Amino acid sequence: MKFFIDTANLEQIREAHDLGVLDGVTTNPSLMAKEGIKGIKNQQKHYVEICNIVQADVSAEVIATDYEGMIREGMELAALNPHIVVKVPCIADGIKAIHYFSEKGIRTNCTLVFSVGQALLAAKAGATYVSPFVGRLDDICEDGVALVAAIVRMYRFYDYKTQVLAASIRHTKHIIECVDAGADVATCPLSAIKGLLNHPLTDSGLQKFLEDYKKVNG
Ligand code: G3P
């Protein structure tokens, strides 16, 4: 399973990258706004900075919601760096744009996916990644992980090459559940990735090893 970090914060991206287990980064307009990055030029600079840190897939989202606008923005984003994956919302013009990008060999991430039907359209259009939003479905008392599992089953059955990127991951348990569901990728906050390390038996076991070492070696 691939790990992406879901943030535009450079410090967190560096920390996750330094762990040596990071396979990419996803951003969205809300995450960019959270970092206070204003204006297209600064945003583009920021995407390139992220690409330079991770040297791996970086999803950068289009703002336009019409076909021509998405194509224009997506082409500009893709030209910034070979690691850019153009993130496109799962609406009719978005599906058309994903098809266009796919024909041009430009990689895409179909975002804001909340149903198997949407995921089917994304795959048929040739999306590289599809992003079902786990946490946002859980927020409305639906089962986000069950959607991830259903999309994985459908893609495997029909042999679609689109990778299932579990998004809107809120905590460590979501990651483990997405592993069980067979997601290809999970994009997670840094806290959820670090949470995978926690186990009280690791802490107490390490403490005992060090105490025993000291008994003999001083
Ligand atoms: O990648 C999409 C994801 O960031 C959305 O997460 O927590 O805003 O639902 P959240």
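Keep in mind the model is a prediction, meaning the values are calculated, not measured.

With respect to the environment of Glu73
- For Glu73, the location among the structural elements is in helix H4 (residues 67-80).
- Taking C-alpha positions, Glu73 is 31 Å from Val145, a pair spaced 72 residues apart along the chain.
- For Glu73, the contacting residues outside a window of four places in its chain are Glu61, Val62, Ile63 and Ala64.

Regarding the packing of aromatic side chains
- This structure, assessed with the given rule, holds seven aromatic pairs.
- Between Tyr67 and Tyr100 the ring centres are 6.5 Å apart and the planes differ by 90°, which places this aromatic pair in the edge-to-face class. Of this pair, Tyr67 sits in helix H4 while Tyr100 sits in helix H5 (residues 92-103); the two residues are 33 residues apart in sequence, bridging distant segments of the chain.
- On the numbers, 4.9 Å between centres and 80° between planes, the contact of Phe157 with Tyr158 is edge-to-face.
- An aromatic cluster of three or more residues is present, and its members are Tyr155, Phe157, Tyr158 and Tyr160.
- Here the basic side chain of Lys96 rests over the ring of Tyr67, its NZ or CZ set 4.8 Å away from the ring centre.

Remarks on the pairing of strand S7 (residues 163-166)
- Taken together, the two bridges between strand S6 (residues 129-132) and S7 define a ladder with parallel strand orientation. Bridge pairing links Val130 to Val164 in S7.
- The parallel pair S7 and strand S8 (residues 185-188), bridged by helix H9 (residues 172-181), forms a crossover whose chirality is right-handed.

Considerations on the environment of Tyr158
- Position of Tyr158 among the secondary structure elements: in helix H8 (residues 144-158).
- Spatially, the C-alpha atoms of Tyr158 and Ala16 are 34 Å apart, while their sequence positions differ by 142 residues.

Remarks on the side chain of Ser59
- Relative to the elements of secondary structure, Ser59 occurs in strand S3 (residues 57-61).
- Not counting residues up to four positions away in its chain, the partners in contact with Ser59 are Val25, Thr26, Thr27, Val85, Lys87 and Asn109.

Thoughts on the sheet that holds S6
- Spatially, S1-S2-S3-S4-S5-S6-S7-S8 is the arrangement adopted by the eight strands of the closed barrel, whose pairing is parallel. Averaged over all neighbouring strand pairs, the angle between strand axes comes to 30°, with direction disregarded.
- Where strand S5 (residues 108-113) and S6 come together, three bridges link them in parallel fashion. In the strand pairing of S6, Asn109 is matched with Tyr129.

The rules behind these values
Residues numbered from 1 in each chain as written. Predicted model: local features only at pLDDT ≥ 70, side-chain atom pairs only at ≥ 80, totals over all residues. Heavy atoms only, no water. Helix = DSSP H or I, 4+ residues; strand = E, 2+ residues; numbered from the N terminus. Contact = heavy atoms within 4.5 Å. Phe/Tyr/Trp six-rings, centres within 6.5 Å; stacked < 30°, edge-to-face > 60°. Lys NZ or Arg CZ within 6 Å of the ring centre and 35° of its normal. Pairing = 2+ DSSP bridges. Right-handed = clockwise from strand over helix to strand, strands pointing away. Axes fitted to C-alpha atoms, helices over the stretch in contact; angles between N-to-C directions.

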